[in-house]
Amino acid sequence: MTKTLGCTGGIGSGKSYVSRIFESLGYPAYYSDDRAKMLYDTDPLLLSQMTELLGEDILDETGRLNRKVVASRIFGNVELLRKVEALVHPAVLRDFFRWKEEICNKLSGEGKCVDFVLFESAILLESDIVKGCADKILSVEAPYELRVERVMRRDGVSREQVQERIARQWSDAQRAALSDFIIFADSKRALLPQIAQVIEKMKGE
């Protein structure tokens, strides 16, 4: 049976980059943030639940979710944010299991199989709902300053904005305590040998 390797890490840690390397080596990866954005437009159940929670005016004239309105409604409201997450996280999991089944069936039809797929998520360990989908956990770590620089360059935001985002997330130590593997994306240690070690251990499970 194909296992799931959960890949997590703080903002700017390099987890998406590491996941893409796994993909290039033949291990399919599911990017939860990207898929969640897609689900806002394609999952009728999620859309219905969101409008019930936040009001019909979160929809634009085409019937799609207006993300700016949603963001303004939940900004600074921790309780409402948790309620939204309680809707989104199960929707992502439903989508992930559908995706995994489709990927495995496709590979099987081509006479191929993989030992595991990746589930990439920044909040993998912070959500009890989400973390249950992973058989093993991989955390990607990078020095604080390097993470800040990466996100500033990538998103065109200020240092203060990046620091605020990092402060809202778990620390590396918290993630490491619950992880089976750690990869250091510090621009010093080569990534491929670290990834190869994880693959060998996952194949040996």
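If you're wondering where the values come from, they're calculated on a predicted model, not measured in any experiment. Residue numbers here run from 1 along each chain, matching the order of that chain's written sequence. Given that this is a predicted model, residues contribute local features only at a pLDDT of at least 70 and side-chain atom pairs are listed and counted only at 80 or more, while totals for whole chains, interfaces and linings are drawn from all residues. Each side-chain value is worked out from all heavy atoms of the structure, with water and hydrogens disregarded.

## What about the confidence of the model for the chain?
And step 1. A score from 0 to 100, pLDDT tells how confident the predictor is in each residue. For the chain, mean pLDDT is 92; residues scoring 70 or higher make up 100% of the total.
And step 2. Across the chain, the element-wise mean pLDDT spans from 82 in helix 6 (residues 128-131) up to 98 in strand 5 (residues 181-184). Secondary structure elements are defined from DSSP: runs of H or I of at least 4 residues count as helices, runs of E of at least 2 residues count as strands, and each element is numbered from the N terminus.

## Concerning the sheet that holds strand 1 (residues 3-8)
Across a sheet, strands are paired by hydrogen bonds formed along the backbone, either parallel or antiparallel in direction.
And step 1. The strand order across the open sheet formed by five strands is 2-3-1-4-5, and the pairing between neighbours is parallel. Strand pairing shows two members of the sheet lacking a second neighbour, strand 2 (29-31) and strand 5, which therefore form its edges. Sheet twist, expressed as the mean angle between neighbouring strand axes with direction ignored, is 25°.
And step 2. For strand 4 (residues 136-141) and strand 5, the ladder comprises four bridges, and the chain directions are parallel. Within the sheet, the bridge partner assigned to Glu141 lies in strand 5 and is Phe184. Strand pairing is defined by DSSP finding a minimum of two bridges between the two strands. Between N-to-C directions, angles cover 0 to 180 degrees, with each direction set by a line fitted to C-alpha atoms, over the stretch in contact for helices.

## Structural notes on the side chain of Ser32
And step 1. The topology assignment puts Ser32 in helix 2 (residues 32-42).
And step 2. Partly exposed residues are those whose accessible area sits between 20% and 50% of the maximum for their type, while under 20% is buried and over 50% is exposed, using a 1.4 Å probe and protein chains only. Take Ser32: its relative accessible area is 6%, and that puts it in the buried class.

## Quick notes on the packing of aromatic side chains
And step 1. Centres within 6.5 Å are what make two rings of Phe, Tyr or Trp a pair, Trp counting through its six-membered ring; a difference in plane orientation under 30 degrees is then read as stacked, over 60 as edge-to-face, and the rest as tilted. The final tally for this structure, using the stated rule, is eight aromatic pairs.
And step 2. On the basis of an interplanar angle of 75° and a centroid distance of 6.1 Å, the ring pair of Phe22 and Phe116 is categorised as edge-to-face. Taken together, the residues Phe22 in helix 1 (residues 15-24) and Phe116 in strand 3 (residues 116-120) connect sequence positions 94 residues apart.
And step 3. Through a chain of ring-to-ring contacts, the aromatic side chains of Tyr30, Phe96, Phe97, Trp99 and Phe119 assemble into a single cluster.

## Comments concerning the nonpolar core
And step 1. Counting 51 residues, the largest nonpolar core has Leu5, Phe22, Met50, Phe119 and Leu138 as the members making the most contacts within it.
And step 2. What we call a nonpolar core is a set of buried Ala, Val, Leu, Ile, Met, Phe, Trp, Tyr and Cys residues that are connected through their side-chain atoms within 4.5 Å. Membership of the second largest hydrophobic core comes to six residues, among which are Val148, Val151, Val157 and Ile166.

## Observations regarding the packing of helix 2 against helix 3 (residues 44-54)
And step 1. Between helix 2 and helix 3, whose axes approach to 6 Å, the crossing angle comes to 80°. Classed by the angle they form, the pair helix 2 and helix 3 counts as roughly perpendicular. For the pair helix 2 and helix 3, the contacting residues are Leu39, Tyr40 and Thr42 in the first and Pro44, Leu46, Leu47 and Met50 in the second.
And step 2. The residue makeup of the contact of helix 2 with helix 3, split by class, is six nonpolar, one polar and no charged. An angle below 35 degrees is treated as roughly parallel, one above 145 as roughly antiparallel, one from 65 to 115 as roughly perpendicular, and anything else as oblique. In what follows, a contact means two residues having at least one pair of non-hydrogen atoms within 4.5 Å. Classification convention: Asp, Glu, Lys, Arg as charged; Ala, Val, Leu, Ile, Met, Phe, Trp, Tyr, Cys, Pro as nonpolar; all other residues, Gly among them, as polar.

## Things to note about the environment of Leu65
And step 1. Position of Leu65 among the secondary structure elements: in the loop between helix 3 and helix 4 (67-74).
And step 2. Taking the C-alpha atoms as reference points, Leu65 and Ser179, separated by 114 residues in sequence, lie 35 Å from one another.
And step 3. In contact with Leu65, not counting residues within four places along its chain, are Tyr40, Asp41, Leu47, Met50, Ile58, Leu59 and Val70.

## Here's the deal with helix 5 (residues 78-109)
And step 1. Take the number of residues in a helix, subtract one, and multiply by 1.5 Å to get its expected span. Helix length check: helix 5, at 32 residues, gives a terminal C-alpha distance of 46 Å against a target of 46 Å (1.5 Å per residue), a fit within 8%.
And step 2. Within two residues after helix 5, Gly111 carries a phi angle of roughly 75°, on the positive side.

## Re the pairing of strand 3
And step 1. Counting buried residues in strand 3 gives five out of five residues, a clear majority hidden from the surface.
And step 2. Burial along strand 3 is two-sided: Phe116, Leu118 and Glu120 facing one way and Val117 and Phe119 facing the other are all buried.

## Here's the deal with helix 10 (residues 191-204)
And step 1. With 14 residues, helix 10 extends 20 Å from end C-alpha to end C-alpha; this agrees with the ideal 20 Å at 1.5 Å per step.
And step 2. Regarding helix 10, the residues found buried are Leu191, Gln194, Ile195, Val198, Ile199 and Met202. Angularly, the buried residues of helix 10 cover 140° about the axis, an arc narrow enough to put them on a single face. Residues Leu192, Pro193, Gln197, Glu200 and Gly204 are exposed on helix 10 and point more than 90 degrees away from its buried face.
And step 3. In this fold, the buried residues of helix 10 make contact with strand 1, helix 1, strand 3, strand 4 and strand 5. Taken from the helix axis, the directions to the C-beta atoms give the arc we talk about.

## Considering the state of the cysteines
And step 1. The disulfide criterion used throughout: a pair of cysteine sulfur atoms within 2.5 Å. Evaluation of the coordinates by the stated rule reveals zero disulfides.
And step 2. With no disulfide of its own, Cys104 lies closest to Cys113 among cysteine sulfurs, the gap being 9.2 Å.

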